[in-house]
Amino acid sequence: MFIQDLHSRRARWHVPGLLAPLLGLLLAPGEADAVPRPQLVNTRISTPFGANGHSSTIDGRVFIGNVREDQVTTTTTWRARVFRPEAVTYDAEGKPGFASAFSTGKTLDVKNGENALAFCFTQPAQPYTLSSGVAIYQPFLFDSQMYNGPNIFRRRTVDIRVSQPFTPQAEIASFTTGALETLTTVTGAHIRGIEPTMTSDGRLLIYQGGPDNNGVIDHLMYSYNPTPCASTGWSTPRPVSAMFSDPNTALKRYPLAWQRMKAATGEEFGDTAATGLIRGAYPWVDHEGRNLLYAAVRYTDGARREAISLIGSETGWAAYHIDGSLNTDRLDRGHLFYSGPMWNFEQERHPSQNFPPGSSNETKYLPVTKTHDVLALFGSNTADYNEVDIGELLNPFQVLFLPMNELVTRTGDYDVTRTPDLSGRFFTGTVTGTAQISDKNNVTQPASGSLWQPQGKGKALVLPGGGALTVNLADASGTTPGIGAPVKGFTVQLAVRPDAAINQGCTTGNPYRYLLQKRGTLDLIYEANDTVQMSFQINGQRVRLGRSPVLPKGVWTHLAYTWDGTTGQFAEYVNGVETGRVLPTAPGTFQLGTGVLSIGAGVTLDTQACPANGEGSFKGFIDEVRFFAHTRSNRSVCMSTLGADCKEAAIQEEPTLGQFVMSHQFPGCNSVSALGSQACAAAMHRVCAQRGADDALSSATNFYETLQQVIGNRPPISLVGVPSSATATEVNVACAPIQHESLAVTFEELARKHSGCADERSISSTHCTAAARRWCTSLGWTTGQIFEMTSRPWVGCFNSGLRQNVPWSQLGPASSTGNFAAAASRLEVSAWCQTRGYGAGVVQEIPSATEALVHCFQPSVTRPWRFMP
């Protein structure tokens, strides 16, 4: 859905179909041979960094880990090492190598030290100072006492000096620590626990402890302090699942505290010290307190060292047992400490955001997986590097998302008979018959080990024949799109690996088998000739799409079927590429309805090895089953097709007509009254990004320069959209000038420009508009707008032609109240600009109680789009 989804320099952004023949003519020398960017979410990569507990600095450049413990002398040895992204290498497939990425470092012996530690910076925007070519880090280091008494948290100052910083030769020049101080709460009590982790602002401490603060562990706990990195004044420890009910409103600065936390089945975790708390170990909280990573299940040694999980705003506040590289074979080894540098090494990050300012991540970058929000995570005990895509979790159109890995219960145990639903609807799947959830990730990886062959992800559903996974779809309200309510667009996606001997010995009849069946609404059949055939029930009539190309046996194939109810158009994709078969058309509506969905067999289980009359059970593997209540684009299908080299083909496919409806771009943009919402900001950006480039080029007078903008590395075609006028049924969307720049930022960065823009709760306000403008002006542009919100905001910068302070009353009645986030005010502002000869406009700042700073611009294109199909 979001258009930032292309892996190579020449095809990183949306390239309309009319441009494809021109790409090769305009590439810079060597550009066609740019290193590809594979998806690494299924790939664990070894690193030379090994330790027990560890922590990394805010900029991701310095790691400290526990490398030795001596109980006799109560000595712990810490080693400080420099992480050197400048020394990361990439092989021909784009896989990163870390052989020289960590310096040798220096060690330091400390007394009574615990095996885990956390950095705390009082000035996170400036994690180091430079003096005579040396980078000096002077944070606090938090740990807990490991020997001679209870586990009590302490802090000490640290002085770490890095010679030749920001080069492949960077090394620790010196490593010293100061005196210890014990942490105390507002009541003077010690904080008792282990394994600390902290947000970048130094105010939120999360750790493994117990609800009574008595030294008991196995629960995730937190304490808050309004003074960053202080030794005193910490709040009385509470369970992490109680953040939502904390009476201290200051906790609401962290999205972790915005909603009640839930287990994978939808059961709420407790918010008191009584029952149902989150059991976990080895936590790592991201920089802004949005998400928390932790180990959720006990390992064979009894310690909680399995099922690395994530919970927070990007998981819908539900525990997500990560399916992919972080969790390899079930119970294969203890997985302990992980931490990440957040977005500091992203390729697309603007030089002004980097450490040091002005440096480029163009050729040395992490993460490698290119979607929207991918966490780059380093493990110390496991000496590995992994990537976790959190951008795929919260898709507002998802009806069902079954990862096919084992479920983790609220009590912190594996349930290998069920798999969770990551859509947020909690349609948990249950295995029946002989079906199983695999205990290893190797079943989803290609035998060749190549990153560019189709593959599954993490664990998979194992089907030896005579088994299935069933899901009971329910909708008490009767209004869930695609289940209780009809929709005018739908998408089915899954990965399949037929057994090499699936029909061996089946010499008579037509032994077809079910991959999916929901009686009366849809089915996907694996035919006896190794093709598949999808059917939908449209307007009460079964529409069969005919047989696909032959699927290879013994290897993974990604299948996707989309349907556009406006045009009736179907599309079939194999490994992310449209097959081009002539398919029937069937405009209308579709509805799954409630009841049983069966995966891997029919709803009535047939266990025959050779089903005499068809309708048999599939033999092989199925993974990543996903349903969407809209028509996905080829680009979106391709981005969720692991291992397939489909992106250049996908980018040349134009979306269908039914996709160009505002509510099909983002469901909340469904009326004129929503035009002031972030939902409509996202929807307008999406129609501009997908169609704006085509339309702008068709009327461009500087065609060559405009085309360079389309295919260049920066600025990308990710156009901001602004409402220029509207009726009750449609909006005229004015797309920003083709010359622009679009960047991901954090609220921490925006708040430095305007303190009122602290998180997405104020994203449509003039506080965030002012922050975006100031951000853009620092980059040399005049105007800025937030156009998307994933796990962070995305800002579009461009130049407007007229910038003027205007009395509120002159703009119109809606604006005269000062509510410039309202839909009516946004339309009034564009109307005011149109009277001055411009196509649209936006309010950027509120300089006084009577005036607004209005920016007017000439759009690259303005087109009408319906709110609803």
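Structure's up top.
These notes cover the structure that comes with them. Keep in mind that this is a model prediction, so the values were computed, not measured. (Residues numbered from 1 in each chain as written. Predicted model: local features only at pLDDT ≥ 70, side-chain atom pairs only at ≥ 80, totals over all residues. Heavy atoms only, no water.)

## Things to note about the overall build of the chain
Along the backbone of the chain there are 10 helices and 52 strands. Taken over C-alpha atoms, the radius of gyration comes to 27 Å for the chain, in line with the 29 Å a tight globule of 869 residues would show. The dimensions of the chain, computed from C-alpha atoms along their principal axes, are 75 × 75 × 55 Å. The buried share among the 869 residues of the chain stands at 63%. (Helix = DSSP H or I, 4+ residues; strand = E, 2+ residues; numbered from the N terminus. Rg over C-alpha atoms; globule rule 2.2 N^0.38 Å. Buried < 20%, exposed > 50% of the residue type's maximum accessible area, 1.4 Å probe, protein only.)

## Overview of unusual backbone geometry
Here F355 and P356 are connected by a cis peptide whose omega angle stands at -5°. With respect to the secondary-structure elements, P356 resides in the loop between β22 (338–339) and β23 (374–379). The omega angle of the peptide bond from L366 to P367 is 0°, so this bond is cis rather than trans. Even without being a glycine, A307 presents a positive backbone phi close to 55°. Positionally, A307 belongs in strand β20 (residues 304–312). The exposure class assigned to A307 is buried, which follows from its relative accessible area of 1%. The phi angle at E615 is positive, at roughly 55°, despite the residue not being glycine. Checked against the element boundaries, E615 lands in the loop between β41 (595–599) and β42 (616–617).

## Here's the deal with the packing of aromatic side chains
In this structure the tally under the stated criterion is 31 aromatic pairs. On the basis of an interplanar angle of 80° and a centroid distance of 5.7 Å, the ring pair of F98 and F378 is categorised as edge-to-face. Highlighted residues: F98 in the loop between β6 (96–97) and β7 (106–111) and F378 in strand β23, separated in sequence by 280 residues. Connected via pairs of aromatic rings, a cluster forms that spans F49, F63, F83, F98, F102, F345, F378 and Y385. The positively charged end of R626 is found above the aromatic ring belonging to F401, 4.1 Å away from the centroid. (Phe/Tyr/Trp six-rings, centres within 6.5 Å; stacked < 30°, edge-to-face > 60°. Lys NZ or Arg CZ within 6 Å of the ring centre and 35° of its normal.)

## Considering helix α8 (residues 766–778)
Between its first and last C-alpha, α8 extends 18 Å over 13 residues, near the 18 Å set by a 1.5 Å rise per residue. At its buried positions, α8 is contacted by β46 (740–744), α7 (747–753), β47 (783–789), β48 (793–798), β50 (840–845) and β51 (851–857). Once α8 finishes, G780 follows within two positions and takes phi at roughly 100°, a positive value. (Expected span 1.5 Å × (residues − 1). Contact = heavy atoms within 4.5 Å.)

## A short note on the nonpolar core
Among the nonpolar cores identified, the biggest contains 48 residues, and L461, F490, L522, F536, I599, I622 and F627 are the most heavily contacted of them. With residues up to four places along the chain from it excluded, the contact list for F627 reads F397, Q398, V399, L400, F490, T491, V492, L516, L522, L592 and L597. Membership of the second largest hydrophobic core comes to 24 residues, among which are I206, Y294, A307 and A319. (Core = buried A, V, L, I, M, F, W, Y, C linked by side-chain atoms within 4.5 Å.)

## Some thoughts on the sheet that holds strand β4 (residues 75–82)
Hydrogen bonds between backbone groups are what pair the strands of a sheet, and the pairing can be parallel or antiparallel. Judged by pairing direction, the sheet is antiparallel, and its four strands sit side by side in the order β2-β3-β4-β7 without closing on themselves. What marks the edges here is a single partner per strand, and that holds for β2 (54–56) and β7. Neighbour to neighbour, the strand axes of the sheet diverge by 25° on average, direction disregarded. (Pairing = 2+ DSSP bridges. Axes fitted to C-alpha atoms, helices over the stretch in contact; angles between N-to-C directions.)

## Examining the pattern of salt bridges
According to the stated counting rule, one finds 36 salt bridges in the structure shown. Here D201 ties to R253 by a salt bridge, and the two come within 3.9 Å at their closest N and O atoms. Of this pair, D201 sits in the loop between β14 (194–198) and β15 (204–209) while R253 sits in the loop between β17 (238–239) and β18 (281–285), placing them 52 residues apart in sequence. Each of D218, R279, R298 and R304 takes part in salt bridges that share partners, so that together they form one network. (Salt bridge = Lys/Arg side-chain N within 4 Å of Asp/Glu carboxyl O.)

## Comments concerning the state of the cysteines
Applying the stated criterion to the full structure yields eight disulfides. Between C638 and C646 runs a disulfide, and the two sulfur atoms are separated by 2.1 Å. On the sign convention where negative is left-handed, the bridge of C638 and C646, at about 95° about the S-S bond, is right-handed. Note on accessibility: C638 and C646 belong to one class, buried. Between the sulfur of C776 and that of C797 lies a disulfide, 2.0 Å long from S to S. When the S-S torsion is -75°, as for the bridge of C776 with C797, the disulfide is left-handed. Taken together, the positions of C776 in helix α8 and C797 in strand β48 put the pair 21 residues apart, joining distant regions of the chain. What makes C797 buried here is its relative accessible area of 0%. (Disulfide = S-S within 2.5 Å.)

## Points about the sheet that holds strand β45 (residues 730–735)
The three strands lie next to each other as β44-β45-β52, forming an open sheet whose pairing is antiparallel. Each edge of the sheet is formed by a strand with only one pairing partner; in this case those strands are β44 (721–726) and β52 (861–866). Averaged over all pairs of adjacent strands, the angle between their axes in this sheet comes to 35°, without regard to strand direction.

## Focus: the pairing of strand β32 (residues 467–473)
Most of β32 sits out of view: five of its seven residues are buried. Bridge analysis of strand β29 (residues 429–433) against β32 gives five bridges, and the strand direction is antiparallel. Of the residues in β32, the one forming a bridge with T430 is T470. The pairing of β32 with β41 spans five bridges and is classified as antiparallel.

## Observations regarding the side chain of T783
Mapped onto the elements of the fold, T783 is located in strand β47. Within the structure, T783 has its side chain in polar contact with the side chain of H855 (distance 2.8 Å). Once residues within four sequence positions are removed from consideration, T783 is found in contact with C776, G796, C797, F798, N799, S800, V842, Q844 and H855. (Polar contact = N/O pair within 3.5 Å; in protein donor to acceptor, adjacent residues only side chain to side chain.)

## Observations regarding the environment of V443
Here V443 is to be found in the loop between β30 (436–437) and β31 (461–463). C-alpha separation for the pair V443 and Q455, spaced 12 residues apart in sequence, amounts to 8.9 Å. Once residues lying within four places of it in the same chain are set aside, the contact partners of V443 are S438, A460, R497, W556 and F621.

## Details of the side chain of R304
One can find R304 in strand β20. Taking relative accessible area as the criterion, R304 reaches 4% and is therefore assigned buried. A polar contact is formed between the side chain of R304 and the side chain of D218, at a distance of 2.6 Å. Only 3.1 Å separates the side chain of R304 from the backbone oxygen of G412, close enough to count as a polar contact. Setting aside its immediate chain neighbours within four residues, R304 contacts D218, R279, G280, A281, Y282, A295, A296, V297, R298, Y299, T411 and G412.

## Thoughts on the environment of S663
Here S663 lies in helix α4 (residues 662–665). Each C-alpha atom, one on S663 and one on R192, is 50 Å from the other, the two residues being 471 residues apart in sequence. When residues no more than four places from it in sequence are discounted, the contact partners of S663 are F397, C669, N670, F867, M868 and P869.

## Structural notes on helix α10 (residues 823–834)
Between its first and last C-alpha, α10 extends 17 Å over 12 residues, near the 16 Å set by a 1.5 Å rise per residue. Across the 12 residues that make up α10, a large majority, nine, are buried. Considered for burial, the residues of α10 that qualify are A823, S825, R826, L827, E828, V829, S830, W832 and C833.

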